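Coordinates in review
Below are the chains, spelled out letter by letter.
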Amino acid sequence: MYEGGARIRQNARVTSDSRGATGSGSGGARGDYQELVDELSELLGAPATLENRDFELIAFGAYDSEGDLDPSALDPVRTRSILTRRSTAAVRAWFESFGITRATGPVRIPPTPEAGVYRGRTCLPVRHRGVVLGYVWLLDTDPGPTEPQLAAAMAVTARIGALLADEAQHGADLSRELRAVLTAERDWQRDMAVAELRSALGSRAETPHAVVCVAPWPSADPDDAPSVRTVPGATALCTVPWGGSGVSLALLVRLRSADVQTPATSAAGRLLERAGAARGGAGGSAGTPGGVAAGVSAPRTGLADLGTAWAEASAAARAARAESRFGPVAQWTSIGAFRLLTSLPARSADDPAVRALLSPAHRELARTAEVYLDCAGQAGRTAAELGVHRQTLYYRLSRVEQLTGLDLDDGEDRLLLHMALKARRL
């Protein structure tokens, strides 16, 4: 439980970093989910958790009078909700048995250790025009909130309900439109899809945004994709084919400024957590062939270059999977030479000159050549990086030249070899 508390504190900081990324309207009735949840936590003097009506985590407050979250304040149900961003079907059914789907005011839920609920809590239904859209959960404290505090809290939940309703109207049903843009094979098809998406978004289509790619996504079933309302700042979300048989997750994220990409990188990190939870911690990590990584495009205003932005995000995700130094979330503007390498055909790594070197039998020689070229041909740095004697390095480099027929003193030969070695990672 101590480790869980530590991870939750870390997640709280990540969630806090994304604050301000979600709100899309103006006035006191609308705002960012995280800000509203933090407002509730401060108002009631207890940590609040916001979930949608499918019990998927949207935001949570890490309020504590001592300035830190006490792991002993948690129980398995809340811990799992925060770490995996959702609750089990059994937990959902158990809580719904208390009538929270019909309630219009606070509902008290007693502690039930056999259900994993070690602490009692209060549920504040989040409704808009009579429809329940989510729930705010408050762990019991001593003394608990007063009736005036709860009344004030319900007023805040009404603002959350308005925001959820707005997101449902303008974002939840845009997966088809976004997928049409990203998978269009011809320019005229993409232009039509962009026009349709622009019409659906209205004035929001001209705000700054970035595109996020998470690949490979653990499930090819579109129904397994997270709700767009659970990702701060998300405008639209869909799955897109990736590789031969897999899929990636595409996300259009609003930015408050084209100079600050924090909402996009925070959303990418949250989706990577979701992908890891779905895989049960398996599947490798960035920089490995089976790893899951995320890429973020350069920021843009308007939707005219949405196809290009998706290509950038996909390329950045590929680079993050190929090179751990970029990941797990890579930005297109930070992947250097991989901006060019990712635009090359997959077969480009199979150059006849380097084919023999790239065989499994010569893996050590290929690594030596790559490190040597990464170190700008400096033998001392290369030997230190590889942990070998210089004479060993020189012998290996001579073997590389014999296998490839390339001259490592020739700039073009070195460029060809370096490109082939890097492209092989992709």
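Residues numbered from 1 in each chain as written. Predicted model: local features only at pLDDT ≥ 70, side-chain atom pairs only at ≥ 80, totals over all residues. Heavy atoms only, no water.

Attention now goes to the confidence of the model for the protein chain. For the protein chain, the mean per-residue pLDDT works out to 80, and 81% of the residues sit at or above 70. Long-range and interchain partners of residues 1-31, a stretch whose pLDDT sits below 50, account for 64 contacts in this model, where long-range means more than four residues apart. Low pLDDT (under 50) marks residues 65-73, which in the prediction has 12 contacts with non-local residues, meaning those over four places away or in another chain. (pLDDT = per-residue confidence, 0-100. Contact = heavy atoms within 4.5 Å.)

What follows is about the pattern of salt bridges. Applying the stated criterion across every chain, the model contains 16 salt bridges. Of the charged contacts in the structure, one is a salt bridge between Glu364 and Arg367, with a shortest N-O distance of 3.8 Å. Taken together, the positions of Glu364 and Arg367, both in helix α11 (residues 363-374) and 3 residues apart, correspond to about one turn of that helix. Salt bridges here are not isolated pairs; linked through shared partners, they connect Glu323, Arg325, Glu370, Asp374 and Lys422. (Salt bridge = Lys/Arg side-chain N within 4 Å of Asp/Glu carboxyl O. Helix = DSSP H or I, 4+ residues; strand = E, 2+ residues; numbered from the N terminus.)

A contiguous patch of negative charge on the surface is contributed by Asp407, Asp409, Asp410 and Glu412. Position of Asp407 relative to the elements: it lies in the loop between α13 (390-404) and α14 (411-425). Assessed through its relative accessible area of 36%, Asp407 is described here as partly exposed. (Patch = residues over 30% accessible without salt bridge, like charges linked within 9 Å, V, L, I, M, F, W, Y side chains within 5 Å. Areas by Shrake-Rupley, 256 points an atom, 1.4 Å probe, with all protein chains shown as cover. Lys, Arg positive; Asp, Glu negative; His and termini not counted. Charge placed at Lys NZ, Arg CZ, Asp CG, Glu CD. Buried < 20%, exposed > 50% of the residue type's maximum accessible area, 1.4 Å probe, protein only.)

Taken as a whole, this structure holds 7 aromatic pairs when the rule is applied. Geometrically, the ring pair formed by Phe95 and Trp137 is tilted, given 4.6 Å between the ring centres and 50° between the ring planes. One end of the pair, Phe95, is in helix α4 (residues 89-96); the other, Trp137, is in strand β5 (residues 131-139), with 42 residues separating them in the sequence. Aromatic rings pair up to connect Phe55, Trp94, Phe95, Phe98, Tyr135 and Trp137 into one cluster. (Phe/Tyr/Trp six-rings, centres within 6.5 Å; stacked < 30°, edge-to-face > 60°.)

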